[in-house]
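Geometric and topological summary
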Amino acid sequence: MKAAFFKEHGGADKILYDDYRDPAPVAGEAVVRVRACGVNHVDMLLLDGRFPPPEGLPHVNGCEVAGTVEAVGDRVKGLEPGQRVVIFPGFSCGSCEYCLRGERTVCVRYGYLGAHRDGGYAELVKAPAANLLPLPDALSFEAAAAVPMAMLTSWHALVTQADVRPGQTVLVQAAGSGVGSSAIQIARLAGARVITTVGSDDKIELAKSLGAERVVNYRTHDFVEAAKEWTGKRGVDIVIEHIGGETFERSVLALTRLGKFVTIGSHDTHWGRLDLRHVYSKNLRVIGTNLGSILELRAILDHLVAGRLRPVIDRAFPLRDARAAVQHVLDRKNKGKVLLTP
Ligand SMILES: [Zn+2]
């Protein structure tokens, strides 16, 4: 098959489009023909070596995949060749202490499609059959490939971890990102009010169309001041943060007493300082979270079908132009999701 892979770490120029080993399903696995694959920020960390692929190089990125079943291994039931599916990207062992507690995202043997094994920047990809969800006819492959990482992570962060309630106020960082555009919609769906940030004025309209009440260009305005003003000096109930560094440090200051700070990524840097006085004196909760459950992904698909949530898609690039697609994201030119299609 053809795939877009890399043999050494670096920028988009390290991505090669060429022949690659065909995935063969073993017992309990399925091979999916990729019809759409999302480009994700974690792909950039894998590519540049900040998060080196655990299985080594060469490596195929791509954790968000929708497609059709191509072949199944032994002992796989309920999947037919040609069936439309979306792949839940998290792998867990099912038997460690945390899996047994029902907390599979912190499994001691946890892994991601496209990180701990080859992903969907390819014509074919292999995954455990249990990770395949039927894709409703009403949803396109492109729409489905835009949600399994970013929208699922935002859902789990807001609904499950932060327990967002109607009437609460939420600060969502980076409305133009997959996580940001999802979090705004999910907070609104839960009946909360949203203030969000953008890095350029041309993203303001998008943020408002998703339901944000207040949009702040963080390059020209202080988002902490804006959040304080918007809430009548009170501060927000929940912050959804995935940038790190100064954004992390400043975001904490936007919270009200008993507020919840949810960190779901470190797209700029893995580090961030915390003013501990704010944490203990205001009884803040700092919550780390990653991905979500396959059941939550199914709930998201239902909301997409009903039109209550929508994936924000910037554009699709052909797989052979994966290098250009990655550069487009690295240059932050995208408004929403960038996809690869055959
Ligand atoms: Zn486990």
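For the structure, check the block above.
Here's what I pulled together on the structure shown here. Since the structure is predicted, the reported quantities are computational estimates derived from the model, not experimental observations.

**Topic: the nonpolar core**
Judged by nonpolar contacts, the single largest core of 97 residues is most densely connected at Y121, L132, L158, V170 and I240. At 7 residues, strand β3 (residues 29-39) tops the list of elements feeding residues into this core. Filtering out sequence-adjacent residues up to four positions away, I240 remains in contact with A157, L158, V170, L171, V172, Q173, V179, A183, V262 and I264. Of all hydrophobic cores here, the second largest spans 17 residues; its members include V216, W230, F248 and F261.

**A short note on the coordination of the zinc ion**
In the first shell of the zinc ion, the protein supplies C93 (SG), C96 (SG), C99 (SG) and C107 (SG), at 2.3 to 2.4 Å from the metal. Considering all 4 donor atoms around the zinc ion, the spread of angles at the metal, 102 to 118 degrees, places the coordination shape in the tetrahedral class. Mapped onto the sequence, the donors of the zinc ion take the spacing C-x2-C-x2-C-x7-C. Separated by 14 residues along the polypeptide, C93 in the loop between β7 (90-91) and α2 (97-100) and C107 in the loop between α2 and β8 (111-112) bring together distant segments of the chain. The class for C93 is partly exposed, based on a relative accessible area of 30%. Judged by relative accessible area, C107 falls into the buried class, the value being 6%.

**A look at helix α11 (residues 322-330)**
Along an α-helix, residues three or four positions apart point the same way, because every turn accommodates 3.6 residues. Where α11 is concerned, the buried positions are A322, A325, V326, H328 and V329. Along the axis of α11, the buried residues cluster in a sector spanning 155 degrees; they form a single face. Residue R332 follows α11 closely and has a positive phi angle near 55 degrees.

**Some points on unusual backbone geometry**
L57 connects to P58 through a cis peptide bond whose omega is 0 degrees. Inspection of the secondary structure assignment puts P58 in the loop between α1 (41-48) and β4 (59-60). Not every positive phi belongs to a glycine, and L258 is a case in point at roughly 65 degrees. Tracing the backbone through its elements, the reader meets L258 in strand β15 (residues 255-263). Looking at L258, the relative accessible area reads 54%, which means it is exposed.

**Remarks on the side chain of T289**
Looking at where T289 falls in the secondary structure, it is placed in the loop between β16 (285-288) and α10 (294-306). For T289, a relative accessible area of 10% gives the class buried. Setting aside residues up to four positions removed in sequence, T289 forms contacts with H156, A157, Q161, V262, T263 and I264.

**Things to note about the pairing of β16**
Where β15 lies against β16, 4 bridges are found, and the strand directions are parallel. Opposite K260, over in β16, you have R285 as the bridge partner. Between the parallel elements β15 and β16, the chain passes through helix α9 (residues 276-281) in a crossover that is right-handed.

Calculation rules
- Residues numbered from 1 in each chain as written.
- Predicted model: local features only at pLDDT ≥ 70, side-chain atom pairs only at ≥ 80, totals over all residues.
- Heavy atoms only, no water.
- Core = buried A, V, L, I, M, F, W, Y, C linked by side-chain atoms within 4.5 Å.
- Buried < 20%, exposed > 50% of the residue type's maximum accessible area, 1.4 Å probe, protein only.
- Helix = DSSP H or I, 4+ residues; strand = E, 2+ residues; numbered from the N terminus.
- Contact = heavy atoms within 4.5 Å.
- Donors = N, O, S within 2.8 Å, 3.2 Å for Na, K, Ca; no water.
- Tetrahedral: all angles 85-135°; square planar, octahedral: opposite > 155°, others 65-115°.
- Arc of directions from axis to C-beta.
- Pairing = 2+ DSSP bridges.
- Right-handed = clockwise from strand over helix to strand, strands pointing away.

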